[in-house]
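Per-entry structural report
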Amino acid sequence: MLKSELVFLEIFRGAKTQKEIAERLGISLSTVNNALEPLARIGAIEKRNFGLRLVDREKALIYWASARNLEKDIVYKTRAELPVSGIEGLMPSGVAFTAFTGFRLRFREVPADYSEVYVYADDEGVAELKKRFPQKEGPANLTVLSKPENFAAEKIVPNELLFVDLWNLKEWYAREFLKALRQKMGLEQ
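Residues numbered from 1 in each chain as written. Predicted model: local features only at pLDDT ≥ 70, side-chain atom pairs only at ≥ 80, totals over all residues. Heavy atoms only, no water.

Points about unusual backbone geometry
Heads up, the rule is: Secondary structure elements are defined from DSSP: runs of H or I of at least 4 residues count as helices, runs of E of at least 2 residues count as strands, and each element is numbered from the N terminus. Remark: exposure states derive from per-residue accessible area (1.4 Å probe, protein chains only) relative to the maximum for the residue type, with buried under 20%, exposed over 50%, and partly exposed in between.
At alanine 99, a position not held by glycine, the phi torsion is positive, near 55°. On the secondary structure map, alanine 99 appears in helix 6 (residues 99–107). The residue arginine 108 is not glycine, and still its phi comes out positive at about 55°. For arginine 108, the position within the fold is in the loop between helix 6 and strand 5 (117–121). Owing to a relative accessible area of 75%, arginine 108 belongs among the exposed residues under this scheme.

Observations regarding the environment of serine 4
Counting through the fold element by element, serine 4 comes out in helix 1 (residues 3–12). When its relative accessible area of 24% is taken as the criterion, serine 4 is described as partly exposed. Through-space distance from the C-alpha of serine 4 to that of threonine 31 is 7.6 Å; in sequence the pair is 27 residues apart.

Side note on the sheet that holds strand 4 (residues 96–98)
Rules: Following DSSP output, two strands are said to pair if at least two bridges run between them. To obtain each axis, a line is fitted to C-alpha atoms, and for helices this fit is confined to the stretch in contact; angles are then taken between N-to-C directions over 0 to 180 degrees. Here, residues are in contact when the closest pair of their heavy atoms is within 4.5 Å.
A sheet is described by the order of its strands in space; here 4 strands give the open sequence 3-6-5-4, paired in mixed fashion. Where the open sheet ends on each side, the last strands, each with one partner, are strand 3 (74–78) and strand 4. Across the sheet, the mean angle separating the axes of adjacent strands is 25° when strand polarity is ignored. Note that strand 3 and strand 6 (residues 142–146) share 4 bridges and pair antiparallel. Opposite lysine 77, over in strand 6, you have threonine 143 as the bridge partner. Where helix 7 (residues 123–132) meets the sheet, its contacts fall on strand 3, strand 5 and strand 6, and the angle it forms with strand 5 comes to roughly 140°.

Shape is all these values report; function is a separate question.
In structure tokens:
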């Protein structure tokens, strides 16, 4: 995940200053400022002398979703000859669910049937996943994304990252999940 995307996530987590974001992420103030510039330009955030404020949550989310390249974060894909529930049940500790499973676990509902599992994992988690789900030919139904070092230890990614990841998936039912998530987040008009 790009540093700018981690900056966006910190804004959604309630960061009030660029300095706070820089310290949380261990990056420079100039990196934070450069990441925030597009959001300020489109009016999604307001930069002040001593802080910043999220002005338009939906606009910021859509900007991030449009800029995100999920493919760059994929570290492993394979085909598991198991139902989705079987794949989900064999996940090692430390992974963070996103996309369809993340939505199901957070809201205890599914807007549509799904057949793929997406997770974030660190290097240790990826190694364990490769043991549990060896490389196999066929359409991938398990996709592992690189988990940033400073990523929270949550079992499910935050709603904002869930939104961005769903936005970037090609499966037809991603749209159904995204529509339901928009409602849950209060973004539907």
